[in-house]
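In case you want the letters, here they are:
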Amino acid sequence: MAALSFCSSSPPRILHRQSKSSLLPPDSTLFTPLCFFSVGELSAKPISVSRRFRVSVNSSSGNERSPSSPAKKLREIMQSPGVLQGPCCFNALSAKLIERAGFPYCITSGFSISTARLGLPDKGLISYGEMIDQGQQITLSVSIPVIGDGGNGYGSAMNVKRTVKGYIKAGFAGIIISDQVCSGDTVSERRVVSREEAVMRIKAAVDARRECDSDIVILAQTDSREAISLEESLTRARAFIDAGADVLSIDSLVSRDEMKAFCNVYPLVPKLANMLESGGKVPILNPLELEEIGYKLVAYPISLIGVSIQAMQDALLAIKGGRIPPPGSMASLEEINEILGFDTYLEEERRYTTSSSDRKASSNSIYGYQREAQDDPELREDPIVEVITPEVYNEPRNPFSRIWSRSLRIKIIGRDGFEKLDVRIPAGFLEGVTNIVPALGGVNLKQLMDDAADEVGGKLLLDFKDTAGDRIQVFLE
């Protein structure tokens, strides 16, 4: 699919030849033609027009259609060149990470939200209210537009209207409505409602949008390719556009030819590709291949929830084996605070402080109080530091004495042969060792160090494997 861009000149008003009046968002009768060009052809040279894309012109002054509304942002993004990737999020943190990574929008995944919020399979168990609550937390956490997974609309056409209105109020820029009988059906058991009922769902969604004076983007998805046939899914796609949908998606297309056939249905209407990472019959194509076929949007439904589960399993395995996850496998506290906007919060908080006592009382975390104390002498207190003194070893307080001047080197080699940890700590701070490697908690390191006090540096004190199969070595240097 060629990429989208505005024409440089101011064209006359034209009407989409394939469109009916029902395709227009409320109160809109105008289209602005757009130029389509391939990636890499951005230049001052004239661009040859190969396709056009409909853009609604909204004269309403409603809040939902203000220039800064989520739906307005999403529509502007869909006018930009190239195919647009949209990883699927499941909570506010995952949405923040998507935004920080530079993606222009994201999509909520009912599968991932059910997994993360309920710990249950996506079989229609999560409710409309839970999805609205989770969705509002997501939309409030980011500035990029968010497309919400509305599933089957939670019931009849009237339920679809309520769902769309709820998603609008929750701050979504778009909503996906499918024709499944039950949201979460697997491919092998996928069932869809009749074509007439499926079309009524989209009409109800369009009516809800108009009644809310909104311009939320409606993405109509059909699962009839697997449930019935390719021909039926193409017929439904056409009917959805006639009913007023803005974007189309057909799930479970099994070849490039089927994808091309789908993208040829109203070629000017954006298409969403669902790249199901778990494999199966759906071809997994890169963004340029999808753009060439004719897609505009690409969803990645389980990437983030999948890697999150794997990372947590790896961390738990390490903890169970008596050690903490290696430093490179997790974000530092500073990185976490940066992601969460800790410094921005402190700056804003200072705008509302009235006195030093108020600041001290309002600090609800030890870490936050320490950060403020750095900038305010009135808040500074003498630190309390607990250390193991040389007297523990019956040594004089001399930094160059036998044990006090030496260090412990701890190495961990994973069962896969890769080095997971190599750290040195002062020999006088034994309490810190078990914080790094809990498996050393029952080892009398003091006795081992006393026995090796006269040894040359590099003496191997311990060499064993923990319950996870990792090799742990401790040297006295």
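Just so it is clear, the structure is predicted and the values come from calculations on it, not from any experiment.

What counts and how
Starting afresh in each chain, residues are numbered from 1 along the sequence in its written order. Predicted model: local features are reported for residues with pLDDT of at least 70 only, side-chain atom pairs are reported and counted for 80 or more only, and whole-chain, interface and lining totals are derived from all residues. With hydrogens and water set aside, each side-chain value is computed from the structure's full complement of heavy atoms. Counting from the N terminus, the helices are DSSP H or I runs at least four residues long and the strands are E runs at least two residues long. Contact between two residues is taken to exist if any of their heavy atoms lie within 4.5 Å; hydrogens are not considered. A 1.4 Å probe and the Shrake-Rupley method give the accessible areas. Residues count as covered only by the protein chains that appear here. For patch building, the residue pool is restricted to those with more than 30% relative accessible area and no salt bridge; the joining distance is 9 Å between like charges and 5 Å between nonpolar side chains (Val, Leu, Ile, Met, Phe, Trp, Tyr). Criterion for a salt bridge: a side-chain nitrogen of Lys or Arg within 4 Å of a carboxyl oxygen of Asp or Glu. For helices, the axis comes from a line fit to the C-alpha atoms of the stretch in contact; other axes are also lines fit to C-alpha atoms, and the angle between any two N-to-C directions lies between 0 and 180 degrees. Working rule for angles: under 35 degrees goes down as roughly parallel, over 145 as roughly antiparallel, 65 to 115 as roughly perpendicular, anything else as oblique. Crossings are classed by handedness, with left-handed meaning an anticlockwise turn of the near helix from the far one by less than a right angle and right-handed meaning a clockwise turn. Among buried residues, the Ala, Val, Leu, Ile, Met, Phe, Trp, Tyr and Cys ones that are joined through side-chain atoms within 4.5 Å form a nonpolar core. Partly exposed describes any residue whose relative accessible area lies between the buried limit of under 20% and the exposed limit of over 50%, with all areas from a 1.4 Å probe on protein chains only and scaled to the type maximum. In this scheme, strands are said to pair when DSSP sees at least two bridges between them.

A.B. asks: What is the right way to read the overall build of the chain from this model?
C.D. replies: Each helix and strand in the chain was counted, giving 17 helices and 14 strands. Here the contacts in the chain between residues at least 6 apart in sequence split such that 66% fall between residues at least 24 apart. Surface summary for the chain: the accessible area is close to 24,200 Å², and the carbon and sulfur share equals 54%.

A.B. asks: For this particular structure, what's the right way to read a nonpolar patch on the surface?
C.D. replies: Taken together, the side chains of L93, L97, I336 and L340 present a nonpolar region at the surface, about 340 Å² in accessible area. Counting residues per element, the ones that place at least two in the nonpolar patch are α2 (92-100) and α12 (333-340). Take L93: it is sitting in helix α2.

A.B. asks: What is the right way to read the packing of helix α4 (residues 128-141) against helix α5 (residues 157-169) from this model?
C.D. replies: For any two helices packed against each other, the geometry comes down to the angle between their axes and how far apart the axes lie. At a closest axis distance of 9 Å, the pairing of α4 and α5 adopts a crossing angle of 20 degrees. Considering the angle they form, α4 stands roughly parallel to α5. The way α4 lies across α5 gives a crossing that is right-handed. In this structure, α4 contributes Y128, M131, I132 and Q136 to the contact, and α5 contributes R162, T163, G166, Y167 and K169.

A.B. asks: Any chance you could explain the nonpolar core here in plain terms?
C.D. replies: Buried together is how nonpolar side chains tend to be arranged in soluble globular proteins. In terms of nonpolar packing, the biggest core is built from 62 residues, with F262 and Y295 touching the most fellow members. In this structure, L408, V437, L440 and M449 belong to the second largest nonpolar core, which totals 17 residues.

A.B. asks: Please clarify how the environment of I472 should be interpreted in this entry.
C.D. replies: On the secondary structure map, I472 appears in strand β14 (residues 471-476). Taking the C-alpha atoms as reference points, I472 and K411, separated by 61 residues in sequence, lie 5.8 Å from one another. Apart from the residues lying within four places of it in its own chain, the contact partners of I472 are K411, I412, V437, A439, L440, L462, D463, F464 and D466.

A.B. asks: Help me out: how do you make sense of the sheet that holds strand β12 (residues 419-426) in this one?
C.D. replies: Read from one edge to the other, the open sheet built from four strands follows the order β12-β11-β14-β13, with strand pairing classed as antiparallel. Because the sheet does not close on itself, it has two edges, and the strands there are β12 and β13 (459-465). Strand-to-strand twist across the sheet, computed as the mean angle between neighbouring axes with direction ignored, equals 15 degrees. With six bridges connecting them, β13 and β14 associate as antiparallel partners. Within β14, the position partnered with L460 by the bridge is F475.

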